[in-house]
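Structural overview for review
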Amino acid sequence: MAYNSGNVPVNSIIETAHEAQKHRGEDGFGFVEILEDEIKLHRFVYKKDMLDVLRNSKSKCILFHSRIPTSTTNNVKSNHPIFTDANVYNHNYYLIHNGHIYNADNLEDQHKLYGLEYNTYEDTKFTDSESLLHEIVMIAEGLNDPKLF
């Protein structure tokens, strides 16, 4: 994440940081722009598309991710940031995660008991990080009883 408190545009900071770390993954991209009156989520399959939007951003705060997929193919639905829906929780949440969640299928089964539906499904697979996101949000919001949903 980069926040601009000085004279350097945050999109420039993000692009420079990504170029220095591109060896960590260029198989999907995404970022959240935090603007004065809204939050915009952008996810991309191709670097050129990401750069076109990033370079035009006026945001002073951006949460950025590039990835090497571990549980799905490179597709817009599975690329990070991933998010929750405020219709289920008290707020919208966004997550960027690098790594592999080995018990994602078991967690998804538990989440179904709460009536949660994953939004990163592509064909028959979902992004394993979505199970982590729901775990974090459920703890943050104190939701550990399926009857609460």
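Residues numbered from 1 in each chain as written. Predicted model: local features only at pLDDT ≥ 70, side-chain atom pairs only at ≥ 80, totals over all residues. Heavy atoms only, no water.

1. Remarks on the pairing of strand 4 (residues 61-66)
Within strand 4, five of the six residues are buried, which leaves the element mostly enclosed by the surrounding structure. Pairing of strand 2 (residues 29-34) with strand 4 involves six bridges; the strand directions are antiparallel. Within strand 4, the position partnered with glycine 30 by the bridge is histidine 65. (Buried < 20%, exposed > 50% of the residue type's maximum accessible area, 1.4 Å probe, protein only. Helix = DSSP H or I, 4+ residues; strand = E, 2+ residues; numbered from the N terminus. Pairing = 2+ DSSP bridges.)

2. Focus on the pattern of salt bridges
Taken as a whole, this structure holds five salt bridges when the rule is applied. Between glutamate 15 and arginine 55 there is a salt bridge, with the nearest N and O atoms lying 2.6 Å from each other. With glutamate 15 in helix 1 (residues 10-21) and arginine 55 in helix 2 (residues 47-55), this residue pair connects regions lying 40 residues apart in the sequence. One salt bridge connects glutamate 26 with lysine 47, and the closest N-O pair in it is separated by 2.8 Å. Here the residue glutamate 26 occupies a position in the loop between helix 1 and strand 2, and lysine 47 occupies one in helix 2, the gap between them amounting to 21 residues. Look at glutamate 26 and you get partly exposed, because its relative accessible area is 31%. Residues joined by salt bridges that share partners form a network here, namely Glu19, Lys22, Glu26 and Lys47. (Salt bridge = Lys/Arg side-chain N within 4 Å of Asp/Glu carboxyl O.)

3. Looking at the packing of helix 3 (residues 104-113) against helix 4 (residues 129-140)
In the contact formed by helix 3 and helix 4, the axes pass within 9 Å of each other and the chain directions differ by 50°. Considering their axes alone, helix 3 and helix 4 lie oblique with respect to each other. Between helix 3 and helix 4 lies a crossing of left-handed hand. Contacts between helix 3 and helix 4 involve Ala104, Leu107 and His111 from the first element and Ser131, His134, Glu135 and Met138 from the second. (Axes fitted to C-alpha atoms, helices over the stretch in contact; angles between N-to-C directions. Parallel < 35°, antiparallel > 145°, perpendicular 65-115°, else oblique. Left-handed = near helix turned anticlockwise from the far one by under 90°. Contact = heavy atoms within 4.5 Å.)

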